Amino acid sequence: MPSSSGLLTEGLQCSICLDVFTDPVTTPCGHNFCKICLNKCWDNSQTCSCPYCKETFKHRPDLKINTTLREVQKNTEREKAACIEPFTDLIRSIERHQTELLEMMEEQQKAAEKQEQELIEELEQEITELKMRNTQLEQLSQTEDLIPIYSSLCSPRNSRNWPEISVDTHASLETLKRALTQLKDTIGEKLYQTSLKWMQQYAVDVTLDPDTAHPKLILSDDGKQVRHGDIRQKLPDKLERFNKNVSVLGKEGFSSGRFYFEVQVKGKTKWDLGVARESIDRKGDIPLTPSNGYWTVWLRNGDEYKALSGPSVSLSLRVKPQRVGVFVDYEEGLVCFYDVESRSHIFSFTAQSFTGKLYPYFSPCNNDGGKNSGPLIITAVN
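Heads up: these notes are all about the structure in this document. (Residues numbered from 1 in each chain as written. Predicted model: local features only at pLDDT ≥ 70, side-chain atom pairs only at ≥ 80, totals over all residues. Heavy atoms only, no water.)

With respect to the overall build of the protein chain
Scanning the protein chain from N- to C-terminus turns up five helices and 17 strands. For the protein chain, the proportion of its 382 residues judged to be buried stands at 35%. In the protein chain, once contacts between residues fewer than 6 apart in sequence are set aside, the share between residues at least 24 apart is 63%. Total accessible area on the protein chain is roughly 23100 Å²; 51% of this is exposed by carbon and sulfur atoms. (Helix = DSSP H or I, 4+ residues; strand = E, 2+ residues; numbered from the N terminus. Buried < 20%, exposed > 50% of the residue type's maximum accessible area, 1.4 Å probe, protein only. Contact = heavy atoms within 4.5 Å. Areas by Shrake-Rupley, 256 points an atom, 1.4 Å probe, with all protein chains shown as cover.)

In structure tokens form, the structure reads like this:
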């Protein structure tokens, strides 16, 4: 069965050159071709007819480029390039590690061969010495006063304990194991990096919705920052406003496709981030779980990260994220969280079932005596 991307590309192919459209034009009968392909076809024919349905036109149509289709032609090529790039980078990474590993193994082999050659030379020298002593013994076997000389020739030499000499293959295997583990980690990291780069192309402009903000939250004039203000403001108790969880939603919701946004969390000891369903209960202290319409991760006590998957999952992060990226694929039921600066994966909710609109969700949490007074900041995606 063809993939969806394959079907899409097939629908954007010229039936003459069988390639993706270049400057697509539409005939009066409604079929699309590359402008240059159709012109060549008509230049070599006495009549002007559609190469697809064979409808003949009395006069040669004035062909205009279909700009909408051309923009779809371009988007498809960009999508293909974005899909190919991660695999290209991965192949380069594997090839580089393969080269490094082969070089390391060759160096080890050369070292082992050198050691082997040295051992052979020492063995040959000792054999030569033993042969010489044996010859001397044979020559002196007829001597009358043999005992002192015999004792001297038979006295132990400072010879090596040859059975103890061996090549340390265990060290080589451990080196190989470490190299393979490093390669595995590098491949995983590279995949996450390229995945993040691919996700960033779906960046949307998110602004905060003041009608949903908890009364203790203070929003910036541009709707890009939110912080806890300690004092409860006198605001209309609208149905869409949170009254217990110190939270706020983005203005725009999404009911299909993919979207991505980034939030600066630098300097904070507590925060919640993710997406929430439009139909969530905003009154009362509601647990942030998928069953309640929330897909979030949070930080507590400065270094305790959890994915609130119900039950929650503790997250072990190598570095403290300063900026968090959130990606949603509505049809795939996917919500991903990334550390943007280290370009590393934080957590993913997979195989979820979304209904209705999803909104970006933010909570700067309380001030914690001034320790957590900094804002969450929606940042532009580079």
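Re helix 2 (residues 35-43)
Every buried residue of helix 2 is listed here: Cys 37, Leu 38 and Trp 42. Take helix 2 and look down its axis: the buried residues cluster within an arc of 125°, on one side only. Opposite the buried face of helix 2, by more than 90 degrees, sit the exposed residues Ile 36, Lys 40 and Asp 43. Of the surrounding secondary structure, the elements contacted by the buried residues of helix 2 are strand 1 (24-26), strand 2 (32-34), strand 3 (48-49) and strand 4 (56-57). (Arc of directions from axis to C-beta.)

Some remarks on the pairing of strand 13 (residues 323-329)
With seven of seven residues buried, strand 13 is to be regarded as a mostly interior element. Here strand 13 shows no split at all, with Arg 323, Gly 325, Phe 327 and Asp 329 on one side and Val 324, Val 326 and Val 328 on the other all buried. Where strand 8 (residues 258-264) lies against strand 13, seven bridges are found, and the strand directions are antiparallel. Counterpart to Arg 258 in the pairing with strand 13 is Asp 329. Across six bridges, strand 13 lies against strand 14 (residues 334-339) in antiparallel orientation. (Pairing = 2+ DSSP bridges.)

Observations regarding the pairing of strand 9 (residues 271-277)
Of all seven residues in strand 9, seven are buried; the element is thus mostly enclosed. The alternating pattern of strand 9 places Trp 271, Leu 273, Val 275 and Arg 277 and Asp 272, Gly 274 and Ala 276 on opposite faces, both of which are buried. Examined bridge by bridge, strand 9 and strand 10 (residues 294-300) share six bridges and lie antiparallel to one another. Each residue of the ladder has a partner; that of Leu 273, found in strand 10, is Val 297. Pairing between strand 9 and strand 16 (residues 358-363): six bridges, direction antiparallel.

As for the packing of aromatic side chains
According to the stated counting rule, one finds 13 aromatic pairs in the structure shown. Both rings, one in Tyr 202 and one in Phe 327, keep their centres 6.2 Å apart while their planes meet at 55°; by these two values the pair is tilted. Placement of Tyr 202 in the loop between helix 5 (169-199) and strand 5 (217-219) and of Phe 327 in strand 13 is noted, with a sequence separation of 125 residues between them. Judged by relative accessible area, Tyr 202 falls into the buried class, the value being 17%. Taking relative accessible area as the criterion, Phe 327 reaches 1% and is therefore assigned buried. Over the face of the ring belonging to Trp 298 we find Arg 300, whose NZ or CZ atom lies 3.7 Å from the ring centre. (Phe/Tyr/Trp six-rings, centres within 6.5 Å; stacked < 30°, edge-to-face > 60°. Lys NZ or Arg CZ within 6 Å of the ring centre and 35° of its normal.)

Some details on the sheet that holds strand 9
Strand order in this open sheet of six strands is 7-16-9-10-11-12, and the pairing throughout is antiparallel. The open sheet has two edge strands, strand 7 (248-249) and strand 12 (313-315), and neither has a second partner. Relative to strand 11 (residues 304-307), strand 10 runs antiparallel, the two sharing four bridges. By the bridge assignment, Arg 300 is partnered in strand 11 with Glu 304.

Details of the nonpolar core
One finds Trp 271, Val 335 and Phe 362 to be the most contacted residues of the largest nonpolar core, which totals 35 residues. Ignoring any residue separated from it by four or fewer positions in sequence, one finds Trp 271 in contact with Val 265, Val 297, Trp 298, Leu 299, Arg 300, Tyr 305, Val 324, Ser 363, Cys 365 and Leu 376. Core analysis: the second largest hydrophobic core is formed by 14 residues, Phe 33, Cys 37, Cys 50 and Phe 57 among them. (Core = buried A, V, L, I, M, F, W, Y, C linked by side-chain atoms within 4.5 Å.)

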